[in-house]
Amino acid sequence: SEIGNSNRLRRLNIVNNNLDGELPVYLINQSLGSLTDIILSYNNLTGELPTELGNYTGIEYLYLDHNKFYGSIPIEYGLPAGIRSTIEEFNISWNNITDIDGDEICNLYTSLLAGDGLFNIQYNNICDNGESIFPECDGDFDYLGVQDCV
């Protein structure tokens, strides 16, 4: 695609466009040299969050909120060589992330943002027996929000 072939693309902002299916990682793969913002909020993207996103350096803003992603947040997102090195805002709220426990949330939060920036994972289904498992972590969660449990 022409978008994916741009080596000067800095901001991929495709909000509220009824995108469906899995996250089109090929668009991002082609633009890694310059891509800093991935904003794909308010679509109908499904599937598990791709581990490939965790390997990218240079991403400052990752907004995948208000989609239909499920599963867990890949461990690669918190590794030093990946997005952790530059991320400022991380928003995966309003999806169906379920496979993560309280310690993993704290580890991801502290490794991604080191206590600074936006870390929004509210309104997923992060629960244990109907109870929210949001832990108290060192630092201050911005917009962690309330958790509805089904």
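Calculation rules
- Residues numbered from 1 in each chain as written.
- Predicted model: local features only at pLDDT ≥ 70, side-chain atom pairs only at ≥ 80, totals over all residues.
- Heavy atoms only, no water.
- Salt bridge = Lys/Arg side-chain N within 4 Å of Asp/Glu carboxyl O.
- Helix = DSSP H or I, 4+ residues; strand = E, 2+ residues; numbered from the N terminus.
- Buried < 20%, exposed > 50% of the residue type's maximum accessible area, 1.4 Å probe, protein only.
- pLDDT = per-residue confidence, 0-100.
- Pairing = 2+ DSSP bridges.
- Axes fitted to C-alpha atoms, helices over the stretch in contact; angles between N-to-C directions.
- Core = buried A, V, L, I, M, F, W, Y, C linked by side-chain atoms within 4.5 Å.
- Contact = heavy atoms within 4.5 Å.
- Phe/Tyr/Trp six-rings, centres within 6.5 Å; stacked < 30°, edge-to-face > 60°.

Considerations on the pattern of salt bridges
The full count for this structure, using the stated rule, is 1 salt bridge. Here Arg11 ties to Asp37 by a salt bridge, and the two come within 3.6 Å at their closest N and O atoms. Residue Arg11 is found in strand β1 (residues 11-13), and its partner Asp37 is found in strand β3 (residues 37-39); the two are separated by 26 residues along the sequence. Residue Asp37 is classed as buried on the basis of its relative accessible area of 10%.

Notes on the confidence of the model for the chain
The predicted coordinates ought not to be read in detail in places where the model reports low pLDDT. When the pLDDT values of the chain are averaged, the result is 78; 71% of them are 70 or greater. The least confident element of the chain is strand β11 (residues 131-132), whose mean pLDDT is 68; the most confident is strand β4 (residues 44-48), at 95.

Topic: the sheet that holds β1
Ordered by their spatial adjacency, 5 strands build an open sheet running β1-β3-β5-β7-β9, and the pairing between neighbours is parallel. Whereas interior strands pair on both sides, the edge strands pair on one side only; in this sheet they are β1 and β9 (118-120). Geometrically, the sheet is characterised by an average inter-axis angle of 10° between neighbouring strands, direction not taken into account. Across 3 bridges, the pairing between β3 and strand β5 (residues 61-63) is parallel. Directly across from Asp37, in β5, lies its bridge partner Tyr61.

As for the pairing of β4
Bridge count between strand β2 (residues 20-22) and β4: 3 bridges; the pairing is parallel. The residue bridging Glu22 from the neighbouring strand is Thr46, located in β4. Relative to strand β6 (residues 68-71), β4 runs parallel, the two being bridged by 3 bridges. Following the sheet pairing, Glu48 is matched in β6 by Tyr70.

Examining the nonpolar core
Judged by nonpolar contacts, the single largest core of 31 residues is most densely connected at Leu62, Leu64, Ile73, Tyr77 and Phe90. Take this core: its biggest share by element is 4 residues, from helix α2 (residues 102-113). In this structure Ile73 touches Leu49, Phe90, Ile92, Ile97, Ile100, Leu108 and Ile121, once residues within four positions along its chain are discounted.

Some points on the packing of aromatic side chains
All told, the structure shown has 2 aromatic pairs when counted by the stated rule. Taken together, a centroid distance of 5.6 Å and an interplanar angle of 15° make the contact between Phe90 and Phe119 stacked. With Phe90 in strand β7 (residues 89-91) and Phe119 in strand β9, the pair connects residues that are 29 residues apart, well separated along the chain. Relative to Tyr123, the ring of Trp94 has its centre 4.2 Å away and its plane inclined at 20°; by these criteria the two rings are stacked.

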